[in-house]
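Residue-level structure breakdown
Letter by letter, the chains look like this.
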Amino acid sequence: MRFFRKAAIGTVKRKKRRALLLVIAVAFAAAIWWGNNVLRTEEYTFSSPRLPEGWSGTRIVHLSDLHGKTFGKDNKRLLQAVADAQPELIVITGDIADQQSGLDTIPAVLDGLTAIAPTYYVTGNHEWGAKFVGELKELLEAADVHYLRNEYVSLQRGGDELILAGIEDPLGYADQKTPTELATELYAEQEDPFWLLLAHRNNHFSGEYCLLGADLTLSGHGHGGVWRFPFTDGFISTTMELFPSWTDGFYTCYCGNCDASQVFVSRGLGNSPRIPRICNRPEVAVLTLQTTP
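Heads up: these notes are all about the structure in this document. Each chain has its residues counted from 1, running along the sequence as written. With pLDDT at 70 or above as the cut-off, local features in this predicted model cover only qualifying residues; side-chain atom pairs require 80 or more to be listed or tallied, and sums for whole chains, interfaces and linings still use all residues. Side-chain measures were taken over the full set of non-hydrogen atoms in the model, leaving aside hydrogen atoms and water.

Notes on the nonpolar core
Within this scheme, the nonpolar core is defined by two criteria: the residues are buried Ala, Val, Leu, Ile, Met, Phe, Trp, Tyr or Cys, and they are joined through side-chain atoms within 4.5 Å. Here's how the labels work: a residue is buried when its accessible area is under 20% of the maximum for its type, exposed when over 50%, partly exposed in between, all with a 1.4 Å probe on protein chains only. In this structure, Leu-63, Leu-78, Ile-96 and Val-284 are the most contacted members of the largest nonpolar core, which totals 33 residues. Of all the elements in the fold, those that place two or more residues in this core are β2 (59–63), α2 (76–84), β3 (89–93), α3 (106–114), α4 (125–130), α5 (133–142) and β12 (283–291). In what follows, a contact means two residues having at least one pair of non-hydrogen atoms within 4.5 Å. Sequence-distant contacts of Leu-78, defined by excluding residues within four places in its chain, comprise Leu-39, Leu-63, Leu-66, Phe-71, Leu-269 and Val-284. In terms of nonpolar packing, the next biggest core, distinct from the first, is built from 22 residues, Tyr-120, Val-122, Leu-162 and Phe-264 among them. Strands here are runs of E lasting at least two residues and helices are runs of H or I lasting at least four, both read from the DSSP assignment and numbered beginning at the N terminus.

Quick word on the side chain of Ser-237
Its location among the elements puts Ser-237 in the loop between β9 (216–220) and β10 (249–253). The buried category is assigned to Ser-237, whose relative accessible area is 8%. Here Ser-237 is in contact with Gly-225, Val-226, Pro-244 and Ile-275, once residues within four sequence places are set aside.

Observations concerning unusual backbone geometry
For Val-226, which is not a glycine, the phi torsion comes out positive at approximately 65 degrees. Along the polypeptide, Val-226 turns up in the loop between β9 and β10. Look at Val-226 and you get buried, because its relative accessible area is 2%. Positive phi is not limited to glycine here, since Phe-243 has a value of about 50 degrees.

Quick look at the pairing of strand β11 (residues 261–265)
Buried residues dominate β11, accounting for four of its five residues. In this analysis, strands are considered paired if DSSP registers two or more bridges between them. Judged from the three bridges that link them, β9 and β11 form a sheet pairing that is parallel. Counted as the bridge partner of Ser-219 is Val-265 from β11. The pairing of β10 with β11 spans five bridges and is classified as antiparallel. Within the sheet, the bridge partner assigned to Gly-249 lies in β11 and is Val-265.

Thoughts on the pattern of salt bridges
When a carboxyl oxygen of Asp or Glu is within 4 Å of a side-chain nitrogen of Lys or Arg, the pair counts as a salt bridge. One pass over the structure, following the stated rule, counts 13 salt bridges. A salt bridge links Asp-248 to Arg-228, with the nearest nitrogen and oxygen atoms 3.6 Å apart. In this pair, Asp-248 is assigned in the loop between β9 and β10 and Arg-228 in the loop between β9 and β10, connecting sequence segments 20 residues apart. Each of Arg-40, Glu-42, Arg-228, Asp-233, Asp-248, Arg-267 and Glu-283 takes part in salt bridges that share partners, so that together they form one network.

Details of the sheet that holds strand β5 (residues 146–147)
The pairing of strands in a sheet happens through backbone hydrogen bonds and is either parallel or antiparallel. Taken in spatial order, the six strands line up as β1-β12-β2-β3-β4-β5 in an open sheet, and their pairing is mixed. Each edge of the open sheet carries a strand with a single partner, namely β1 (40–48) and β5. Here β2 runs beside β3; their pairing, made up of four bridges, is parallel. From the neighbouring strand, Val-61 faces β3, where its bridge partner is Ile-90. For helices, the axis comes from a line fit to the C-alpha atoms of the stretch in contact; other axes are also lines fit to C-alpha atoms, and the angle between any two N-to-C directions lies between 0 and 180 degrees. On the sheet, α3 packs against β2, β3 and β4 (119–122) and is oriented at approximately 150 degrees with respect to β3.

As for the environment of Leu-164
Mapped onto the elements of the fold, Leu-164 is located in strand β7 (residues 160–166). Ignoring sequence-local partners within four residues, the contact set of Leu-164 consists of Tyr-120, Leu-148, Glu-151, Tyr-152, Val-153, Leu-155, Leu-196 and Leu-198.

Some points on α2
Residue pairs spaced three or four apart in an α-helix point in one direction, given the helix's 3.6 residues per turn. Among the residues of α2, Leu-78, Leu-79, Ala-81 and Val-82 are the ones counted as buried. For α2, the arc enclosing every buried residue in end-on projection is 160 degrees, short of the 170-degree limit, so these residues lie on one face. What points out from α2, more than 90 degrees from its buried face, is the exposed set Lys-76 and Asp-84. Residues of α2 that are buried make contact with β1, β2, β3, α3 and β12. In the segment just after α2, Gln-86 is the residue with positive phi, at about 50 degrees. Here, the arc refers to the directions that run from the helix axis to the C-beta atoms.

Okay, structure coming up:
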């Protein structure tokens, strides 16, 4: 009798352990889903004494690395988050889609964004890798998105000028204009401009893009470090490297002649094809420009 009692108690304990493991597994799966699908809007301020007064208070939504991901039907949740931020400008720093996702969901995103505010775009590595830049260009034109292909535009607000420039990803055409050539052209035509640069690759800023002279560079590509744990700038990168850097928020480079250039890196929206996000929710970044004395 004692043997059967012990056996019954052992069976109950095993069932409780299995139930506990099941609860933990379900909770972990729910946390992963939440961390990869629930958007987070983050507010940032970029202050500069060089910013023209007419541009102080401008709100810019910075989106990056969507990778064809959808947040609700026709990306309604993403578009609502952008609209709620009340931007005057929207910038997209590449990897809006990739070979796995294709372009089917992109027209609804582009149309939705341009209905909110003027939208500017530069390519990332995945658009070129998927070889659909030509088709994407047609979608951008149809939605009235400004595709900056190694060029810049002059924007006006409050009687003051701001230059917005954008460079193609290095995977672009072999004979394309270089970032240095673009900067040289800009300075030849403008007198001490305040300018923002859209450039997809965060890992090309230090020692390269920082030398171009932009007051602020906006980048993506790093996916926030994919896994973000306390006291790290990301635990593992999209290329499976440990402890990546320059993955989230503002950074200043002090490399030689770069004159303490600054970059802002978005954590992005989509997922790495290798691993899901952990402690790193998809980001709608909202930058407010502010003039300081």
